[in-house]
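# Results of the structural survey
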Amino acid sequence: MDELEEKIERLASMISESKRIVAFTGAGVSTESNIPDFRSSKGVYESIQKEYKQPAERLLSHSYFEAHPEIFFDYLRRFLVFPDALPNDAHKSLAALERIGKLSCVVTQNIDGLHTKAGNKNVCELHGSLYRNYCIKCGEKYDLDFVLSAKDIPRCKKCGGIVRPDVVLYEELLDEDVMEKAANEIINADMLLIMGTSLAVYPAAGFIRYFRGENIVIINRDATPYDGSAKLLIKAKAGETMRAVMNKCKIEF
Ligand code: NAD
């Protein structure tokens, strides 16, 4: 048995013994659905920097959105929204684990809605979702299609205000209720399954410090600053790994 197979077997038995798993996910769980992550080469950071000649943090900031909404919506449509993307085996496995009562929550930094599309009911979207949009003047709600089909800047049908996605930009605060719920879920978990995140974005990455148990598992292609805290570290693709783990556990997904 090679090292990866051995780790897959260990993860399968850790899952069998767990009753309250919380998954903590990032952009890397969606790359196998053909949505680029942020920091890898050919990731969103690189594309934005190349195209707009600015650091991505600036383009994705609240002040930039206010000053240049036309550019904000241009890159949103071109680089951030993938309406045809489908959940991959990583998302589907987490949905199956929730269905059979082993997983209590997915805490995600992703804004792509794929955990919900896969069937997970209890999802804490720390950075919001591209699928929810609202008018910054009157609060009227809109769906993603409205934003995608608008020419240039989407405007509210009721008051003419700008309609923006309910996602957390740089310089903006995370939603307090979502943060509280995510923290509680992690505090009460008996296993923390971290997948596809560089654990470099704060305050989101800091949430894993709420975990009080021993079973921290990290499945990530590249190294993270928390690799030393993991009981089990799997440097491989999340979707492929989870497919093998589910097969080993004989869980249909
Ligand atoms: P990140 O880009 O900083 O890190 C992604 C990590 O995933 C990398 O360490 C990479 O090695 C790993 N990875 C890539 N493909 C993988 C795979 N198939 N299997 C396992 N690991 C894989 O992403 P982050 O940590 O989530 O932080 C970036 C921020 O950007 C987040 O706040 C998120 O909101 C946002 N973002 C979201 C999406 C999305 O919703 N899909 C996409 C890009 C960025």
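From a predicted model like this one, the values you see are computed outputs, not experimental measurements.

### Side note on the pairing of strand E1 (residues 21-25)
For E1, the buried fraction is high: five of the five residues fall into the buried class. Along E1, one buried face is formed by Ile21, Ala23 and Thr25 and the opposite face, lined by Val22 and Phe24, is buried too. Alignment of E1 against strand E2 (residues 103-108), held across five bridges, turns out to be parallel. Across the sheet, the residue bridging to valine 22 is cysteine 105, located in E2. Of the pairings in the sheet, the one linking E1 to strand E7 (residues 191-195) comprises five bridges and is parallel in character. Across the sheet, isoleucine 21 pairs through a bridge with methionine 191, a residue of E7.

### Structural notes on the sheet that holds strand E3 (residues 123-125)
The strand order across the open sheet built from six strands is E3-E2-E1-E7-E8-E9, with neighbouring strands paired in parallel fashion. If you trace the sheet from one side to the other, it starts and ends with E3 and strand E9 (232-234), each paired once. Going from strand to strand, the sheet's axes swing by 15° on average, the running direction of each strand aside. By the bridge criterion, three bridges tie strand E8 (residues 216-219) to E9 in an arrangement that is parallel. Its bridge partner lying in E9, valine 217 is registered against leucine 232. Across the sheet, helix H1 (residues 3-17) touches E1, E7, E8 and E9, and the angle it forms with E9 is around 130°. The sheet contacts of helix H6 (residues 89-99) involve E1, E2 and E7, and relative to E2 the element is tilted by about 145°.

### Notes on the nonpolar core
In this structure, Leu11, Ile15, Leu193, Met195, Ile219 and Met242 are the most contacted members of the largest nonpolar core, which totals 29 residues. Elements supplying a minimum of two residues to this core: H1, E1, H6, E2, E7, E8, E9 and helix H10 (238-249). Each residue touching methionine 195, except ones within four places of it in the same chain, is listed here: Phe24, Thr25, Gly26, Val29, Ala90, Leu94, Ile219, Asn220, Ala238 and Met242. If you look at the next biggest cluster of nonpolar residues, it comprises 27 residues, including Tyr45, Phe72, Leu76 and Leu80.

### Examining the UniProt feature "binding site: NAD(+)" (unreviewed entry) in the protein chain
In this numbering, the UniProt entry assigns the feature "binding site: NAD(+)" (unreviewed entry) to Ala27, Thr31, Phe38, Arg39, Gln109, Ile111, Asp112, His127, Thr197, Ser198, Asn220 and Ala238. Of the annotated set, the members that line the largest cavity are Asp112. Within the element layout of this structure, isoleucine 111 appears in the loop between E2 and helix H7 (114-118). Discounting chain neighbours no more than four positions away, the residues touching isoleucine 111 are His127, Gly128, Ser129, Leu130 and Val167. With respect to the secondary-structure elements, alanine 238 resides in helix H10. Of the residues examined, alanine 238 reaches a relative accessible area of 5% and is grouped as buried. Residues in contact with alanine 238, not counting those within four places in the same chain, are Val29, Glu32, Ala90, Met195 and Ile219.

Thresholds, definitions, all that
Every chain's residues receive numbers from 1 upward, in the order its sequence appears when written. It should be noted that, the model being predicted, local features are given only for residues of pLDDT at least 70 and side-chain atom pairs only at 80 or more, the latter also being counted only at that level, while totals for whole chains, interfaces and linings use all residues. Computation of side-chain values covers all heavy atoms of the structure but excludes hydrogens and water. Each residue is assigned to one of three classes by its accessible area relative to the maximum for its type, calculated with a 1.4 Å probe on protein chains only: buried under 20%, partly exposed between the two thresholds, exposed over 50%. Strands are runs of DSSP state E lasting at least 2 residues, helices are runs of H or I lasting at least 4, and numbering of each runs from the N terminus. One bridge is not enough; two strands pair if DSSP finds at least two bridges between them. The angle between two axes is taken between their N-to-C directions and runs from 0 to 180 degrees, where each axis is a line fitted to C-alpha atoms and a helix contributes only its stretch in contact. Any two residues whose heavy atoms approach within 4.5 Å are treated as being in contact. Here the nonpolar core consists of buried residues drawn from Ala, Val, Leu, Ile, Met, Phe, Trp, Tyr and Cys, with membership extended through side-chain atoms lying within 4.5 Å. UniProt positions are given in the numbering used here, feature names are shortened, and annotations may be inferred rather than shown by experiment. Buriedness for pockets is judged along seven lines, at least five of which must meet protein on both sides within 12 Å for an open set on the 1 Å grid over protein atoms alone, while cavities are sets there where a 1.4 Å probe fits but cannot get out, and lining residues have an atom within 4 Å of a point.

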